[in-house]
Amino acid sequence: MDLNDDAIYERTINYYETDRMGVVHHSNYIRYLEEARCFLLDKAEMPFIEFEGNGVTIPVLEVNCKYKYHVTFADTILIKVFVKEYDGIKFTIGYDVVNKANNQPVIMAETKHCFTNRNLRPINLKKHIPEFDQKFRVLNEAYKKSVDIWFFLVYFLTLWYNPIKFKNYELYQKKKRKEWVIWN
């Protein structure tokens, strides 16, 4: 696998995952995130079974999820999964979930994790499985490059297509700062 390629996990919604309103119950999205995370690790040739075989566990420290729109039975979702942050001990996985039929955002989420030994003591992945550490670093760098490119494009298009509005915004910000100084 080229670690710079997007990892996109596809999943069809089952009937039992919906609630009385006919939409996916919010708690199921956490399971979808875990499935996508396992997919990313498998695609990067770092399956969970190898982590555990080397005495490394990956507990979830935090889950943040913004629900944008619902999906229902038989809908198919696409989950783009990526490594947002990585320092060798902790890491953050990001998820962009869209409905495959109309590309409508469903949720935006992230999960935070760390690497521990079997006694749940934090460990540095580089010392335990150096080849996996390197793969995580490549995945994280690929994400950083995509964010840098996206930021540049948005900034450039803002200047290119509407320089007057952008200049007015800068003037507004200067005026706002001056008013703040006067009032304080």
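Rules and cut-offs
- Residues numbered from 1 in each chain as written.
- Predicted model: local features only at pLDDT ≥ 70, side-chain atom pairs only at ≥ 80, totals over all residues.
- Heavy atoms only, no water.
- Helix = DSSP H or I, 4+ residues; strand = E, 2+ residues; numbered from the N terminus.
- Contact = heavy atoms within 4.5 Å.
- Areas by Shrake-Rupley, 256 points an atom, 1.4 Å probe, with all protein chains shown as cover.
- Buried < 20%, exposed > 50% of the residue type's maximum accessible area, 1.4 Å probe, protein only.
- Pairing = 2+ DSSP bridges.
- Axes fitted to C-alpha atoms, helices over the stretch in contact; angles between N-to-C directions.
- pLDDT = per-residue confidence, 0-100.
- Salt bridge = Lys/Arg side-chain N within 4 Å of Asp/Glu carboxyl O.
- 1 Å grid on protein atoms, 1.4 Å probe; cavity = no way out; pocket = protein on both sides within 12 Å on 5 of 7 lines; lining within 4 Å.
- Points joined across faces, edges and corners; volume = space filled by probe spheres on them.
- Nonpolar A, V, L, I, M, F, W, Y, C, P; charged D, E, K, R; others polar.
- Patch = residues over 30% accessible without salt bridge, like charges linked within 9 Å, V, L, I, M, F, W, Y side chains within 5 Å.

Draft legend 1. Seen up close, the overall build of the protein chain. Along the protein chain, the regular secondary structure elements total five helices and five strands. Start at the N end of the protein chain and walk to the C end: the helices and strands fall as β-α-α-β-β-β-β-α-α-α. Contacts spanning at least 24 positions in sequence make up 66% of the contacts within the protein chain whose residues lie at least 6 apart. Here the protein chain displays about 12,400 Å² of accessible surface, and carbon together with sulfur accounts for 56% of that area.

Draft legend 2. How the structure looks around unusual backbone geometry. The residue A74 is not glycine, and still its phi comes out positive at about 75 degrees. Topologically, A74 is positioned in the loop between β2 (60-67) and β3 (76-86). Backbone geometry places N103, a non-glycine residue, at a positive phi of 60 degrees. You can see N103 is positioned in the loop between β4 (90-99) and β5 (105-114). Look at N103 and you get exposed, because its relative accessible area is 56%.

Draft legend 3. Geometry of the sheet that holds strand β1 (residues 7-12). What the five strands build is an open sheet, ordered β1-β3-β4-β5-β2; its pairing is antiparallel. If you trace the sheet from one side to the other, it starts and ends with β1 and β2, each paired once. Strand after strand, the sheet turns through a mean of 20 degrees between neighbouring axes, direction not considered. With nine bridges connecting them, β4 and β5 associate as antiparallel partners. Considered in β5, the bridge of D96 is made with M108. Each of β1, β2, β3, β4 and β5 is contacted by helix α1 (residues 28-43), which is oriented at about 135 degrees to β1, the strand it contacts most.

Draft legend 4. Focus on the confidence of the model for the protein chain. When pLDDT is averaged along the protein chain, the result is 86, and 77% of the positions lie at 70 or above. Counted against residues more than four places away or in other chains, residues 180-184, with its pLDDT under 50, gives zero contacts.

Draft legend 5. Focus on the pattern of salt bridges. Summed over the entire model, instances satisfying the criterion amount to eight salt bridges. Here K100 makes a salt bridge to E10, at a shortest N to O gap of 3.1 Å. On the criterion of sequence distance, the pair formed by K100 in the loop between β4 and β5 and E10 in strand β1 is long-range, its members being 90 residues apart. Among the residues examined, K100 registers a relative accessible area of 44% and is labelled partly exposed. You can call E10 partly exposed: its relative accessible area is 45%. The shortest N-O distance in the salt bridge between E110 and K84 comes to 2.8 Å. Here K84 lies in strand β3 and E110 lies in strand β5, a separation of 26 residues in the sequence. Overall, the relative accessible area of 16% leaves E110 in the buried class.

Draft legend 6. Expanded view of the layout of surface pockets. Its volume calculated, the second largest pocket comes out at about 160 Å³. N64, C65, K66, F82, K84, G94, Y95, D96, M108, A109 and E110 together form the lining of the second largest pocket. Elements supplying a minimum of two residues to the lining of the second largest pocket: β2, β3, β4 and β5. Classifying every residue of the lining of the second largest pocket gives five nonpolar, two polar and four charged.

Draft legend 7. Region of the structure containing a nonpolar patch on the surface. Nonpolar side chains collect at one region of the surface, where I30, V60, V63 and Y67 lie side by side and expose about 320 Å² of accessible area between them. The leading source of residues in the nonpolar patch is β2, at three residues. Judged by its relative accessible area of 43%, V60 falls in the partly exposed class.

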